[in-house]
Amino acid sequence: MTAIASEILDLIAQPCVSDDDFNAMALKVFAHQFTHNVPFQRYCQQRGKTPRLVKTWQDIPAVPINAFKDLTLSCEPPDRCERVFMTSGTTRGDIKGRHYHPNLAVYDASMLSHFSQRVMPGRSKITLGVLFPTEQQLPNSSLAHYLALAKTHFGDTQSDYFFNTEGLRVQALCHALEQAQQRQEPFALLGASYSFVHLIDALEAQERRFTLPTGSFLLDTGGFKGQSREIPMADFYQALSTTFGVPRQSCLNMYGMTELSTQFYDAGNQILPSIKRGAHWIRSRVVDPLTGQAVTPGQRGILAHTDLANYNSVVTILTEDVGLEVEDGFVLLGRAQGAQAKGCSLAVDAFLKAAQR
Amino acid sequence: MTAPKNDYVFKAGYLPGLREEDVRWHKLRLGAPDAPIWVEVPELTDVQLDALTQRIKQASRTHLKTMSVADIIGVLAKATARLLDAQDPYRQTLDTLLPKVTGFDPDMVRLNLTSYLQTFRHLELERFVTEDFANPRVLDAFVPRITGGWTQAYGPELLVHVWAGNVPALPMWSFVAGLLVKAGSIGKVASAEPLFASVYARLLADIEPRWADCFAVLWWPNDAPTQRTAYQSAQVVLAYGGNAALQAVQDQIPVTTRFLPHGHKISLGVVSAQALTVFHAAHVAMQAALDVVRFDQQGCYSPHMFYVQSGGSVSPYEFAQQLAHALASLQHKMPRRALSLEEASQISRWRDAHRFIALDNPNYHVLGDSTQTHAVVFSQDATNLMPSPLNRCIVVSAVDHVSQVATLIESARHDLQTVGLAVAPEELLSISEQLGLAGVTRICALGQMTSPAPGWHHDGRFSLLDLVRMVDVEASTEREADRFKPYAL
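Residues numbered from 1 in each chain as written. Chains lettered and ligands numbered in written order. Predicted model: local features only at pLDDT ≥ 70, side-chain atom pairs only at ≥ 80, totals over all residues. Heavy atoms only, no water.

1. Brief notes about the overall build of chain A
- When its secondary structure is counted, chain A shows ten helices and 16 strands.
- In summary, chain A has a C-alpha radius of gyration of 21 Å against a globular reference of 21 Å for 357 residues, a match within 12%.
- Each principal axis of the C-alpha atoms in chain A carries an extent, and together these give about 65 × 55 × 40 Å.
- Looking at chain A residue by residue over its 357 residues, the buried ones come to 54%.
- Long-range contacts, defined here as pairs at least 24 residues apart, represent 65% of the contacts in chain A between residues at least 6 apart.
- Entry remark: accessible area of chain A is about 15400 Å², with carbon and sulfur atoms responsible for 50%. (Helix = DSSP H or I, 4+ residues; strand = E, 2+ residues; numbered from the N terminus. Rg over C-alpha atoms; globule rule 2.2 N^0.38 Å. Buried < 20%, exposed > 50% of the residue type's maximum accessible area, 1.4 Å probe, protein only. Contact = heavy atoms within 4.5 Å. Areas by Shrake-Rupley, 256 points an atom, 1.4 Å probe, with all protein chains shown as cover.)

Next up, the structure:
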């Protein structure tokens, strides 16, 4: 365990952090990465941002998530890293972004502490159903690891995976849900948003609905990624609520990224778009993508996250997600899609398609 | 005409024979996010469109087909003169509203509109017609052919235009072309710029009341079934847009209808070492910058990349620096329009992608910083043609010789259009020949890329000839007719 990792672990273990302490730690992590991560150092120098000049966490260069595809962003040599999480490659299918973790101590501490705070307040265990492949099946998926952690640490003995190589195990899941109903024991169903869509469709075809006991919740994440039909958010959460008999405030959404080591949660999706909140060791800004400066409050912008748990890669990342800052978090307003070509000059996307013919 | 207030709504369109209150108006929010302007566009029912089509066909048969080309040119030239007059209310409407609707800088719009209108003055219109018809009278009557017989060119009864909204006043080309061949026209304006065609139609009807029913300007949503009604009754459909949009239009057009698509294009510039003397280079860089700045590269003729030959006294890298400098100085004169978050994000991703390459490649540079409203990427290695995210983002690639360029752009053959050149006279035709072979259809001086010459062959096609139907009376008819003369001996 490196010194910096221990310090982050200590900070995560605290109940909160002051602005000054967050700033000091962020600058420390930045200096550490500047020293030990050569591509990042060159990236910062290209922008004239060095630890000597950067005085606030907001001024740390935000690295676009595409850099995880093009550069090796790791302080530890990659071959000495215990785990590498890879992006699913939805935008540039052929190239995957890589996020190296020397070990998972900090990642796990971050996940467990925040999950406990936002998803499991006031309880330690629940029967947990996972709609996603196991960690063994997808060793490079951060989501598979996340869900495995959730099941191991917060799931009781009846918790199970309802997804195998053939896909969703709908019958087994129905059986588990019925049991939960009979015993009046709360049940939590976790998985990728698109798995939920497939599940809703499958249950609808069988005309099956459930009324899960009070205290049950659903947690979806990741959006549809072209893996299922795209549904408007309001319809999606309504369908979840109707199918499983769980109020919409218990339909939680986790916003996470392979490029981060900390997740964001909302407090249900009764009102859309829901407010996403982070933990005390991650802070977000809504920025103008061109200047990297924060937009005026109330304006849409691109989300940048400063995640202290990202101690080995880059502490601040620039996403491709459009967001709006609100009082105690932010709302997500979708992805900054390639601008629609207005006229007769060829747009990049169209050109790439044309070049493939 | 008073300046529009904040809640100003402009009613676009031109609908002869239809009352405003009988039409459904669709409201479009246009302009910069912080200074929106509302424009209402007419959305007709099938019945209304059908009646309008009949009316236009009838009127153009009566009033347009019976006019000589010379008289038509006279009317069009009068309209141009009106629009060139800064005091004219129609021109003032355009000067006030076009910048608001498109977000482009008012001075840029005004200057470019004036230069653009000059290609539609009397002399230029004559040239426009002569470009396609050596004897323009062929549009008025049967004219004798050198090989015997007679020929007349007939314009379509109904020409449907589907316009794009990237560059203000773009519809004028096809609007004028349609009138020159005496076609009745229905034009569908783009949601992004519904203004110019509407104002122009009103001006024409104002100048020549007999034309009042000869054309219409309207709008329909892309997936509207109504458009089929328009396509069904047209002889020619002329459409601008992306390939997917054009495909959607083509799918609705009867096979017997002529379809003239103008898809998205990619253009570029080439600078020879001969132009890179210390004396000339700054001027050339400024011309290149102007081509980038005008309409923020939204035009089909706007450059995506510049190929610059090494070996001149100013190196390609120095040229790239001069170009960046010129772009920065033009920002004061013609500021870039406000970008949407999506456009800004796209530019930032493009710039970052190039920065990542530059981290590992000493021959690669991203000039300038994030606070600037332009981005110049320089590659010392010759690179294949790459599209730009537009809005003043440009790649400068060094080449050892200008003859390399044809190979570097070949992969975009189907999408190539204009090349702006800065070369010596001795090189001009040899490079042009290579570019022509590679698929380019227009070659002009650097600095002129956004101002096509009157009568240009847009995308390599004929502006007027493509619209008409030639009717031949063969020599045999004349010979045989002679047999039936009443005064035969």
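Anyway, onward from the coordinates.
2. Examining the overall build of chain B
- Scanning chain B from N- to C-terminus turns up 15 helices and 18 strands.
- Over its C-alpha atoms chain B spans a radius of gyration of 25 Å, differing by no more than 12% from the 23 Å that the globule rule assigns to 489 residues.
- With respect to the principal axes defined by its C-alpha atoms, chain B has extents near 90 × 65 × 45 Å.
- Intrachain contacts of chain B at a sequence separation of at least 6 include 74% that bridge at least 24 residues.
- A gap of 5 Å separates the mean positions of the 41 positive and 49 negative side-chain charges of chain B. (Lys, Arg positive; Asp, Glu negative; His and termini not counted. Charge placed at Lys NZ, Arg CZ, Asp CG, Glu CD.)

3. Thoughts on helix α9 (residues 233-244) of chain A
Residues and elements named next belong to chain A.
- For α9, spanning twelve residues, the distance from its first C-alpha to its last is 17 Å, which sits close to the expected 16 Å at 1.5 Å a residue.
- When α9 is considered as a whole, its buried residues turn out to be Phe236, Tyr237, Leu240, Ser241, Thr243 and Phe244.
- Lining the buried residues of α9 we find α7 (170-183), β8 (187-192), α8 (193-205), β9 (217-221) and β10 (251-255). (Expected span 1.5 Å × (residues − 1).)

4. Here we look at the interface of chain A and chain B
- Between chain A and chain B, the residue contacts involve 33 residues of the former and 43 residues of the latter.
- For the pair chain A and chain B, the summed buried area comes to about 3400 Å², and 60% of that belongs to carbon and sulfur atoms.
- Note that Glu342 of chain B and Arg300 of chain A form a salt bridge whose closest N and O atoms lie 3.6 Å from each other.
- At the surface where chain A touches chain B, the tally comes to six residue pairs in polar contact (both at pLDDT 80 or more).
- Elements with a contribution of two residues or more to the side of chain A that touches chain B: α3 (38-46), α4 (67-70), β14 (301-307), β15 (316-326) and α10 (348-355) of chain A.
- Ranked by residue count, the leading element in the side of chain A that touches chain B is α3 of chain A, at four residues. (Buried area = accessible area lost by both parts, 1.4 Å probe. Salt bridge = Lys/Arg side-chain N within 4 Å of Asp/Glu carboxyl O. Polar contact = N/O pair within 3.5 Å; in protein donor to acceptor, adjacent residues only side chain to side chain.)

5. Regarding the nonpolar core
- Ranked by size, the top nonpolar core spans 113 residues in total, and within it Leu76, Tyr200 and Trp211 of chain B carry the most contacts.
- Examining the composition of this core, we find that ten residues originate from one element, helix α7 (residues 195-207) of chain B, more than from any other.
- By size, the runner-up hydrophobic cluster in this structure holds 44 residues, among which are Ala67, Phe68, Phe264 and Leu308 of chain A. (Core = buried A, V, L, I, M, F, W, Y, C linked by side-chain atoms within 4.5 Å.)

6. Some points on the environment of Ala148 of chain A
Residues and elements named next belong to chain A.
- Looking at the element boundaries, Ala148 is found in helix α6 (residues 142-154).
- Looking at Ala148, the relative accessible area reads 9%, which means it is buried.
- Once the C-alpha coordinates of Ala148 and Ala26 are considered, the two residues, 122 residues apart in sequence, prove to be 29 Å apart.

7. Comments concerning the sheet that holds strand β11 (residues 266-271) of chain B
All names here are of chain B.
- Across the sheet, which stays open at both edges, the seven strands sit in the order β13-β14-β15-β12-β11-β16-β17 with mixed pairing between neighbours. Each having just a single partner strand, β13 (364-367) and β17 (442-445) make up the two edges of the open sheet. Adjacent strand axes in the sheet meet at a mean angle of 20°, parallel and antiparallel pairs treated alike.
- Two elements, β11 and strand β12 (residues 303-309), share five bridges in a ladder whose sense is parallel. Opposite Ser267, over in β12, you have Pro303 as the bridge partner. (Pairing = 2+ DSSP bridges. Axes fitted to C-alpha atoms, helices over the stretch in contact; angles between N-to-C directions.)

8. What to know about the sheet that holds β8 of chain A
Residue and element names in this part refer to chain A.
- The strand order across the open sheet built from six strands is β5-β4-β8-β9-β10-β11, with neighbouring strands paired in mixed fashion. Every interior strand has two partners, whereas the edge strands, β5 (160-161) and β11 (264-265), have only one.
- In the sheet, β8 pairs with β9 via five bridges, with the strands oriented parallel. Bridged to Gly191 within β9 is Asp220.
- Helix-sheet contacts for α7 involve β4 (127-131) and β8, and the interaxial angle to β8 is about 150°.

9. Points about the packing of aromatic side chains
- In this structure the tally under the stated criterion is 26 aromatic pairs over all chains.
- A centroid spacing of 5.4 Å and a plane angle of 85° characterise the contact between Phe22 of chain A and Trp57 of chain A, whose relative ring orientation is edge-to-face. Here Phe22 of chain A is found in helix α2 (residues 19-36), whereas its partner Trp57 of chain A is found in the loop between α3 and β1 (63-64), with 35 residues between them in sequence. Across this residue pair, the class does not change: Phe22 of chain A and Trp57 of chain A are buried.
- Taking 5.4 Å as the distance between ring centres and 75° as the angle between the ring planes, the aromatic pair formed by Phe175 of chain B and Phe215 of chain B counts as edge-to-face. Of this pair, Phe175 of chain B sits in helix α6 (residues 172-180) while Phe215 of chain B sits in strand β8 (residues 215-218), placing them 40 residues apart in sequence. (Phe/Tyr/Trp six-rings, centres within 6.5 Å; stacked < 30°, edge-to-face > 60°.)

10. Some words on the side chain of Ser195 of chain A
All names here are of chain A.
- Tracing the backbone shows Ser195 in helix α8.
- Judged by its relative accessible area of 1%, Ser195 falls in the buried class.
- Non-local contacts of Ser195, meaning those with residues more than four positions away in its chain, are made with Leu131, Phe163 and Leu168.

11. Regarding helix α10 (residues 281-293) of chain B
Residues and elements named next belong to chain B.
- Here α10 is 13 residues long and its end C-alpha atoms lie 18 Å apart, about the 18 Å a rise of 1.5 Å per residue gives.
- Here α10 has its buried residues at Ala281, Val284, Ala285, Gln287, Ala288, Ala289, Leu290, Asp291, Val292 and Val293.
- Contacts made by the buried residues of α10 are with α4 (106-117), β11, β12, α11 (316-333), β15 (393-399) and β16 (416-422).

12. Points about the packing of helix α2 (residues 69-84) of chain B against helix α3 (residues 89-102) of chain B
Residue and element names in this part refer to chain B.
- Two elements in contact, α2 and α3, have axes separated by 7 Å at closest approach and are oriented at 55°. Considering the angle they form, α2 stands oblique to α3. The two elements α2 and α3 cross, and the hand of that crossing is right-handed. Residues Arg82, Leu83 and Leu84 of α2 pack against Tyr90, Arg91 and Leu94 of α3. (Parallel < 35°, antiparallel > 145°, perpendicular 65-115°, else oblique. Left-handed = near helix turned anticlockwise from the far one by under 90°.)

13. What about the pattern of salt bridges?
- Within the structure shown, the criterion is met by 33 salt bridges over all chains.
- A salt bridge links Asp59 of chain A to Lys49 of chain A; the shortest N-O distance between them is 2.6 Å. In this pair, Asp59 of chain A is assigned in the loop between α3 and β1 and Lys49 of chain A in the loop between α3 and β1, connecting sequence segments ten residues apart.
- Across the pair Glu157 of chain B and Arg61 of chain B runs a salt bridge, and its minimum N-O distance is 2.4 Å. Remark: Arg61 of chain B occurs in helix α1 (residues 46-64) and Glu157 of chain B occurs in the loop between β5 (150-154) and β6 (158-162); sequence separation between them is 96 residues.
- Residue Glu157 of chain B is classed as partly exposed on the basis of its relative accessible area of 25%.
- Arg61 of chain B gets classed as partly exposed once you look at its relative accessible area, which sits at 44%.

14. Let's talk about unusual backbone geometry
- Residue Pro273 of chain A is bonded to the preceding Leu272 of chain A through a cis peptide linkage, with omega at -10°.
- Mapped onto the elements of the fold, Pro273 of chain A is located in the loop between β11 and β12 (275-276).
- Its identity as a non-glycine residue notwithstanding, Asp459 of chain B has a phi of 55°, on the positive side.

15. Some details on the state of the cysteines
Residue and element names in this part refer to chain A.
- Tallied over the entire structure, the rule returns zero disulfides over all chains.
- Lacking any disulfide linkage, Cys44 is separated from the closest cysteine sulfur, that of Cys75, by 11 Å.
- Relative accessible area serves as the criterion here: at 0%, Cys44 is assigned to the buried category. (Disulfide = S-S within 2.5 Å.)

16. Some details on the packing of α10 of chain B against α11 of chain B
Residue and element names in this part refer to chain B.
- One can describe the packing of α10 onto α11 by two numbers: an axis separation of 8 Å at closest approach and a directional angle of 55°. If you check the angle between α10 and α11, you find them oblique. The handedness of the crossing between α10 and α11 comes out as right-handed. Residues Ala281, Ala282, Val284, Ala285, Met286, Ala288, Ala289, Leu290, Val292 and Val293 of α10 form the contact with α11, whose participating residues are Phe319, Gln322, Leu323, Ala326, Leu327, Ser329 and Leu330.
- Along the lines of polarity and charge, the residues of the contact of α10 with α11 split into 15 nonpolar, two polar and no charged. (Nonpolar A, V, L, I, M, F, W, Y, C, P; charged D, E, K, R; others polar.)

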